[in-house]
Amino acid sequence: MQIASVVYLAFLGAVAIAYFALPGVRTRTLLLLGASLAFYYSLSPRWAGVLLLVIAVGYVGGEAIELAGGDAGSRKRRAAVFVVAVVAILAFFKYAGVSSAAVNPALGLVGMQPLRLALPIGISFWTFLTIAYLVEVAKGAVPAERNLPRYALFVSFFPQVSAGPIASPKALLPQLAQKHRFSYDKMQSGLLLVAWGFAKKLLVADPLGVLVQSVYHHPQRYTGGHNGLILGVASIAFAVQIYCDFSGYTDIVRGSARLFGIELLRNFDRPYFARSVKEFWRRWHMSLMEWLKRYVYIPLGGSRVPTWRRYANILAVFLLSGIWHGAGLTFVAWGVLNGAYQVLGDATAPLRDGLVRILGVDRETTLYRAFQTALTFVLVTMAWVFFRAESLGDALYILPRMFAPTFHVLTDGSLDRLGLTHPQLVAVVVSALCVFAVEYVATRTYLIPFVKRQSLPLRWSAYLALIFAIVVFGYYGPAYNAAGFAYFKF
Amino acid sequence: MPMTEPRRTLPPHTRPSLRSPAPRPRRVAHHQNDERGPLGLRFATLARSLLFGALVVAMLSFAGLVVKPSRRGDVVGNPWQSFGAMRKNSVDAMFFGTSHAFTGVDPTAVWRTKGIPGFVLGGPMQSPEVTRYYVQEAFRTQRPKVVALDVVGLGYPKDRFNRAFHQLNVGYMPMSMNRLRAAMFSTPPGERLGVTLDAWLYHNRWTELSADDFDVWHKNAGFEYLKGWVPRPECHHVPTKPSPSLTREPADTPDPDVAYHLPALRAIARVCREHGAQLLLLVTPTGPPGKYTYYAKAAAKVLAEEYPNVRILDLSAPGAVPRLSYRTDFADGGHLNADGAAKSSAVLARYLAATYRLADHRGEPAYRGWDDEVRQHDAYVSRLKREKR
């Protein structure tokens, strides 16, 4: 069951109706757990057992830590054992696919069956969630959850099981224990969020995915002097695609959870409006960055260490982030490059400050802010090249050519030959501009209250226009093999 | 570096956001005494929600009508538009089934021969599982005395599925419970939404829409005088050696393909009986002769006990249609062309009149329009043949 599908909407509606029809927390928990496991089974039937295994390890781990009582050392040791077990499961399933490709020829030589390991959907998310839970229980920040169905729901809650956000145990577990009353306002804002997520996914991310795929699959077709700028256009398209894909998914997930009265963490805070790479990473995939900060960066010493150690910690965190995203060298390069941006940014800050002073530049002018935002976008987009390229060689081919001043490709119809027709291209550009315009407005005002303040005809017209645009201009349907959300594979 | 605390101008829970729930303590006191319905909602809120839902449905239905490709009565796939133009309860014989029905049965030839008003409601590669809903839907507006079912679909293997044809067969039915049933029960799960919601299936056409597409009330109108028949002008030389199917006798247990379609066949027979119509299993001429005869015999044998009045008319047997030419009367290996359909339909008309004693309505005031439609039909067929030459 794809999240951005009518089947999912029907499933969500049925579960929401049943949820509020049930009287108590216990029955509602069982309903949501059943729905979550069924949802996960529909996504990844072969690997549902791995999810159950991680749930079991986390639950037993929490109980074992609690049994250690107030002995902090014992709690830590027990937590470490179970965290290692969870990491081992993650490492085995996430990276064994790569290693199986390496060992299968050898297995074949000795007449053994080849390994067929695939990635259980969302494993990186629910293992990180479990680790967070174990560490928080060990610290005493949250009590171990005794109620097994509730704990299992915490790990497998269907809106977030496939790609997060990685919830905070402190925030989510108490919400699962509460009885939520039906709220028309929450229902309304939840549905609006779901619709907005659909719009980002179907109007922007999926069609752009077609364009990006057509270029990135054979980047060597584009040469610097001839039409290299197409590589740049595709790279910008990917930057927009991955944002609309992942943030669209997050909107659907958060909107879905809100229907049940549950608030999940925000994952994005208009990252492409950031004025530095450091700020970008505070606004992008916030739940993962918070997790890495809390459970990797701070334990490594955080900022309270000598400068060189701080830089090493930053690089380590981003290297881990890269490896978390995938086993390929491209992900490692992407992580290291993002870390390097920040280290270099920090190290050269005094130099840049001096230069700005000498030149007498006012840092608060709109022009300067726009320059900073644009520069950040370029740097981030260059890093995305590694993330999206099919090999390190492809990425290194694309990078120097993507800035080639072959501007004629923008007007000679070259862009219409990248998998999208001209009207589709226009629609996707207009949709993307609308998305960013709305997000820009959201920096200035509370958007949902703003919408609710409008007159009924205006509001309804806006809602209907949104639904109409999704249904008619959306990129989906039988002729199109709906792309999964990019982040499901992590 | 991302790991330091972010600088915030507002606490996180109050930051402006599209996503953050609104900080809104704006409950109006007088609402509290209002009458409330399910889930504690005020009835006004509930009514507003329902109205909004209705508006969404209306908007998407209209969008569906716009983006759905136009199909008039002279092309395969949309006999329902012409069928809807028929006067209520004016048809005595109806013909259902596959392409063999809509190419091989010419209702105008039936009318011209015996004055029997008829209509063909067929679809390309239409399985009996869909045809049953066609029959049910047809009975909502017509009361035919005879329902003739082309038997070719009874031989379709269970896994035979053509998405494009199925989308025509179900997707062009009028929106009704029968269409929803056909979408639900006769359609593979992954295709159900497409044949139910036109906007969903055809939305990709928005890039190629023309002004005609927006004329939703007339875009499919035209060629009603063909009465569901889709004439083919081509000529194709077909084999004349009879098929083994002609003489093959059905076993006591029907083979798996026929057995798979039996529930649908029984449903069709039941619907006919409920409406007082006679079911006729029709085999249109084929080359080689008798290619599908076996299916008619197998079906009749199964139905014999429960529905003893079900008859077979095998027009594919050698000599069943006088002067039928295997050189000039077929459009391809299986389908009759316009000339072949005229000859075959004349025999069919005589059979219907003789066997079921269907009245001759020629000259009746209520059927005066048919004479004009016959002229339009003839002009159309002549033009078609001329263009082919």
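Residues numbered from 1 in each chain as written. Chains lettered and ligands numbered in written order. Predicted model: local features only at pLDDT ≥ 70, side-chain atom pairs only at ≥ 80, totals over all residues.

Draft legend 1. Quick peek at the overall build of chain B. In terms of regular secondary structure, chain B is built from 13 helices and 5 strands. Taking the contacts inside chain B whose residues are at least 6 apart along the sequence as the reference set, 82% of them involve residues at least 24 apart. (Helix = DSSP H or I, 4+ residues; strand = E, 2+ residues; numbered from the N terminus. Contact = placed C-beta atoms within 7 Å.)

Draft legend 2. Broad picture of the domain arrangement of chain A. Residues and elements named next belong to chain A. Taken domain by domain, chain A comprises domain 1 (25-178) and domain 2 (186-489). Placing the centre of domain 1 and that of domain 2 at their C-alpha centroids yields a distance of 28 Å. Every contact between the two is made by 22 residues of domain 1 and, on the other side, 20 residues of domain 2. Counting only elements with at least two residues in the side of domain 1 that touches domain 2, the list comes to α4 (72-109), α5 (123-139) and α7 (169-177). With 5 residues, the top contributor of residues to the side of domain 1 that touches domain 2 is α5. Classifying every residue of the side of domain 1 that touches domain 2 by side-chain character gives 14 nonpolar, 7 polar and 1 charged. (Domains from an automatic or database assignment. Nonpolar A, V, L, I, M, F, W, Y, C, P; charged D, E, K, R; others polar.)

Draft legend 3. Just the packing of helix α4 (residues 107-114) of chain B against helix α12 (residues 338-356) of chain B, in detail. All names here are of chain B. Look at α4 against α12: their axes get within 8 Å of each other, and the N-to-C directions meet at 50°. In this view, α4 runs oblique relative to α12, as classed from their interaxial angle. As α4 packs across α12, the resulting crossing turns out to be right-handed. Taking contact as the criterion, the partners of A109, V110, T113 and K114 in α4 are, on α12, A341, A342, S345, A346, L348, A349, R350, L352 and A353. Looking at the contact of α4 with α12 residue by residue, the class counts come to 9 nonpolar, 2 polar and 2 charged. (Axes fitted to C-alpha atoms, helices over the stretch in contact; angles between N-to-C directions. Parallel < 35°, antiparallel > 145°, perpendicular 65-115°, else oblique. Left-handed = near helix turned anticlockwise from the far one by under 90°.)

Draft legend 4. Representation of the domain arrangement of chain B. When its domains are assigned, chain B resolves into domain 1 (36-65) and domain 2 (72-197 + 221-388). With centres defined by C-alpha atoms, the gap from domain 1 of chain B to domain 2 of chain B works out at 41 Å.

Draft legend 5. Inspection of the confidence of the model for chain B at higher detail. All names here are of chain B. Overall, the predicted model of chain B reaches an average pLDDT of 87, with 89% of residues at or above 70. In this model, residues 1-23 is a region of pLDDT below 50 whose contacts with residues beyond four sequence positions or in other chains number 42 contacts. Here residues 25-33 is a poorly scored stretch, pLDDT under 50, and it has 1 contact once near neighbours within four places are set aside; other chains count. Two numbers describe this predicted complex: its pTM, 0.82, and its ipTM, 0.78. (pLDDT = per-residue confidence, 0-100.)

Draft legend 6. Structural detail: helix α10 (residues 229-259) of chain A. All names here are of chain A. Here α10 contains 31 residues, and its C-alpha end-to-end distance of 44 Å stays within 8% of the 45 Å for a straight helix at 1.5 Å per residue. The element α10 is largely enclosed, with a buried count of 30 among its 31 residues. Of the residues flanking the end of α10, it is G261, one or two places downstream, whose phi is positive at about 85°. (Expected span 1.5 Å × (residues − 1). Buried ≥ 20, exposed ≤ 12 C-beta atoms within 10 Å, placed from the backbone.)

Draft legend 7. Spotlight on the packing of helix α8 (residues 184-216) of chain A against helix α18 (residues 422-444) of chain A. Residues and elements named next belong to chain A. Viewed as axis vectors pointing N to C, α8 and α18 meet at an angle of 125°, and their least axial separation amounts to 9 Å. One element, α8, and the other, α18, form an angle in the oblique class. In this structure, α8 meets α18 at a crossing whose hand is left-handed. Packed against α8, whose contacting residues are K200, L203, V204, P207 and L208, the element α18 presents Q424, V428, S431, A432 and V435 at the interface. Split by residue class, the contact of α8 with α18 holds 7 nonpolar, 2 polar and 1 charged.

Draft legend 8. Broad picture of the nonpolar core. Ranked by size, the top nonpolar core spans 146 residues in total, and within it A:L129, A:L134, A:V204, A:A234 and A:F386 carry the most contacts. Among the elements that line this core, the one with the most residues is α10(A), at 18 residues. Shared between two domains, this core holds at least three residues of each, these being domain 1 (25-178) and domain 2 (186-489) of chain A. Those residues in contact with A:V204 that sit more than four places away from it in its chain are A:V240, A:C244, A:V428, A:S431, A:A432 and A:V435. Among the nonpolar cores identified, the runner-up in size contains 75 residues, and B:F102, B:I116, B:V170 and B:A183 belong to it. (Core = buried A, V, L, I, M, F, W, Y, C linked by C-beta atoms within 7 Å.)

Draft legend 9. Broad picture of the sheet that holds strand β3 (residues 146-150) of chain B. Residue and element names in this part refer to chain B. Here we have 5 strands laid out as an open sheet, ordered β2-β1-β3-β4-β5, and parallel in their pairing. Whereas interior strands pair on both sides, the edge strands pair on one side only; in this sheet they are β2 (118-122) and β5 (311-314). Sheet twist, expressed as the mean angle between neighbouring strand axes with direction ignored, is 25°. Alignment of strand β1 (residues 93-97) against β2, held across 5 bridges, turns out to be parallel. Residue pairing for β2: G97 is matched across the bridge by G122. (Pairing = 2+ DSSP bridges.)

Draft legend 10. Just the pairing of β5(B), in detail. Residues and elements named next belong to chain B. Bridging between strand β4 (residues 278-283) and β5 involves 4 bridges; their strand directions are parallel. Residue V283 lies in a different strand from β5, and its bridge partner there is D314. Following the chain from β4 across helix α11 (residues 293-303) to the adjacent parallel β5, one finds a crossover that is right-handed. (Right-handed = clockwise from strand over helix to strand, strands pointing away.)

Draft legend 11. Highlighting the pairing of β1(B). Residues and elements named next belong to chain B. Most of β1 sits inside the fold, with 5 of its 5 residues counted as buried. Burial along β1 is two-sided: A93, F95 and G97 and M94 and F96, pointing in opposite directions, are all buried. In terms of strand pairing, β1 meets β3 through 4 bridges, oriented parallel. Residue pairing in the sheet places A93 in a bridge with V146 of β3.

Draft legend 12. Representation of the environment of A:Y463. All names here are of chain A. Tracing the backbone through its elements, the reader meets Y463 in helix α20 (residues 456-473). Given 18 C-beta atoms within a 10 Å radius, Y463 is considered partly exposed. Between the C-alpha atom of Y463 and that of L192, which follows or precedes it by 271 residues, the distance is 8.1 Å.

Draft legend 13. Region of interest: helix α5 (residues 128-138) of chain B. Residue and element names in this part refer to chain B. Among the 11 residues in α5, 10 count as buried, and that is most of the element. For α5, the full list of buried residues reads P128, E129, V130, T131, R132, Y133, Y134, V135, E137 and A138. The inward-facing, buried residues of α5 contact β1, β2, β3, α6 (163-171), α7 (177-185) and α10 (256-274).

Draft legend 14. Unusual backbone geometry, seen in detail. Residue and element names in this part refer to chain B. A cis amide bond links G287 to the next residue, P288, at an omega of 5°. Turning to its location among the elements, P288 is positioned in the loop between β4 and α11. A positive phi is found at K227, a non-glycine position, where the angle reads about 55°. Residue placement: K227 occurs in the loop between α9 (198-202) and α10. Even without being a glycine, R357 presents a positive backbone phi close to 50°. Inspection of the secondary structure assignment puts R357 in the loop between α12 and α13 (368-388).

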